[in-house]
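A look at the structure
Given next are the chains, with one letter for each unit.
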Amino acid sequence: MEQGADHVYLTLAEGHEDDARWAYGTGFEDPLHGVDTTVPEGLDTAVLAADCVALADDALVQAQRLAEWLTRAPELEEEVALANIGLDLLGQARLLYSRAGQADGTGRGEDAYAYFRDAADFRNVRLAELPRGDFAFTVVRLLVLATWRLAHFERLAAHPDPVLAAITAKGAKELAYHRQYAAEWAVRLGDGTDESHRRMRRALEQVAPYLGELFTAYDVRDDVVGVLRQVTEAAGLPLPGYRPLSGAGRAGDHTEHLAPLIAELQSVARAHPEATW
């Protein structure tokens, strides 16, 4: 197990060697320092805003699911790791919501997007909103979403909008660690006991119906599938198939699980809409 695991970790870390660190976190540097926030001429501001909102919704919803592991993780170290991954995603969501408000001309802040939209108005992919499940499911979902989001962010780092480019360039460094963390656990559990292997197989089967949605809007399928195949092979797990899926979360078509999650997330802000923090 160790030899295969090391191979996966080293390969996935390629290109991020200068960013090695032990802990996760958004850091203290402003990714927008010195960046011109003027929307470049010729860009469709409606498309830019919609893209920022969708990516922010993915991050916010996933962060809320990860927060559910507080006091429930199998070990304190994993509770801290999952909480910090969630904070990374929350930081990405805040920046993306702010850019959406600038791009669409409304001037709305991050709270308006996060707390004062109904669940039907969210545009996150459905995989992010599924219930917490067990630790194996969380590992598989994190591996898939981090791999997919990282591939997309690496492309967006060259976006003509300098703000979106700066947000995604910084976010890509965080996502590389999210992916590595999930890959390490995937190999450990998949190549572990009979019970951990069984749970990982079941988690992959649960995630499989939602994979197709990830490949409809962005041309990252080959990169994502390549990483997932590398990790599952090292873990002795089958790579699930998927079917193309159009619409879904990006079109506002969500599972029954999103509305309760959003209601919980927004409860304090809705109860005290004029409050300041």
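See the structure printed just above.
Summarised in this report is the structure supplied together with it.

**Here we look at the packing of helix 6 (residues 162–190) against helix 7 (residues 194–207)**
At a minimum axis separation of 7 Å, helix 6 and helix 7 run at an interaxial angle of 125°. Here helix 6 lies oblique to helix 7, going by the angle between them. From helix 6, Ala186, Leu189 and Gly190 reach across to helix 7, where they touch Ser196, His197 and Met200. The residue makeup of the contact of helix 6 with helix 7, split by class, is three nonpolar, three polar and no charged.

**Side note on unusual backbone geometry**
Backbone geometry at Thr71 places phi at a positive 75°, although glycine is not the residue there. Along the chain, Thr71 falls in the loop between helix 2 (45–67) and helix 3 (76–103). For Thr71, a relative accessible area of 69% puts it in the exposed group.

**Comments concerning the packing of helix 3 against helix 6**
Following both chains from N to C, one finds helix 3 and helix 6 inclined at 160°, their axes separated by 11 Å at the closest point. On the basis of the axis angle, helix 3 is roughly antiparallel to helix 6. Seen along the crossing, helix 3 lies across helix 6 with a hand that is left-handed. Here Glu78, Ala81, Leu82, Ile85, Asp88, Leu89, Gln92, Leu95, Leu96 and Arg99 of helix 3 come into contact with helix 6, specifically with Val163, Leu164, Ile167, Gly171, Glu174, Leu175, His178, Tyr181 and Trp185. Along the lines of polarity and charge, the residues of the contact of helix 3 with helix 6 split into 12 nonpolar, three polar and four charged.

**Some remarks on helix 7**
End to end, helix 7 covers 20 Å across 14 residues, agreeing with the expected 20 Å (1.5 Å per residue, within 8%). Looking at the buried residues of helix 7, the elements they touch are helix 5 (135–156), helix 6, helix 8 (211–214) and helix 9 (221–235).

**Comments concerning the environment of Arg132**
As for its position among the elements, Arg132 is in the loop between helix 4 (110–115) and helix 5. It is 9.7 Å that separates the C-alpha atoms of Arg132 and Gln64, two residues lying 68 residues apart in sequence. The contacts of Arg132, once residues within four sequence positions are left out, are Arg65, Glu68, Trp69, Arg72, Phe137, Thr138 and Arg141.

Here is what the cut-offs are and how they apply
- Residues numbered from 1 in each chain as written.
- Predicted model: local features only at pLDDT ≥ 70, side-chain atom pairs only at ≥ 80, totals over all residues.
- Heavy atoms only, no water.
- Axes fitted to C-alpha atoms, helices over the stretch in contact; angles between N-to-C directions.
- Helix = DSSP H or I, 4+ residues; strand = E, 2+ residues; numbered from the N terminus.
- Parallel < 35°, antiparallel > 145°, perpendicular 65-115°, else oblique.
- Contact = heavy atoms within 4.5 Å.
- Nonpolar A, V, L, I, M, F, W, Y, C, P; charged D, E, K, R; others polar.
- Buried < 20%, exposed > 50% of the residue type's maximum accessible area, 1.4 Å probe, protein only.
- Left-handed = near helix turned anticlockwise from the far one by under 90°.
- Expected span 1.5 Å × (residues − 1).

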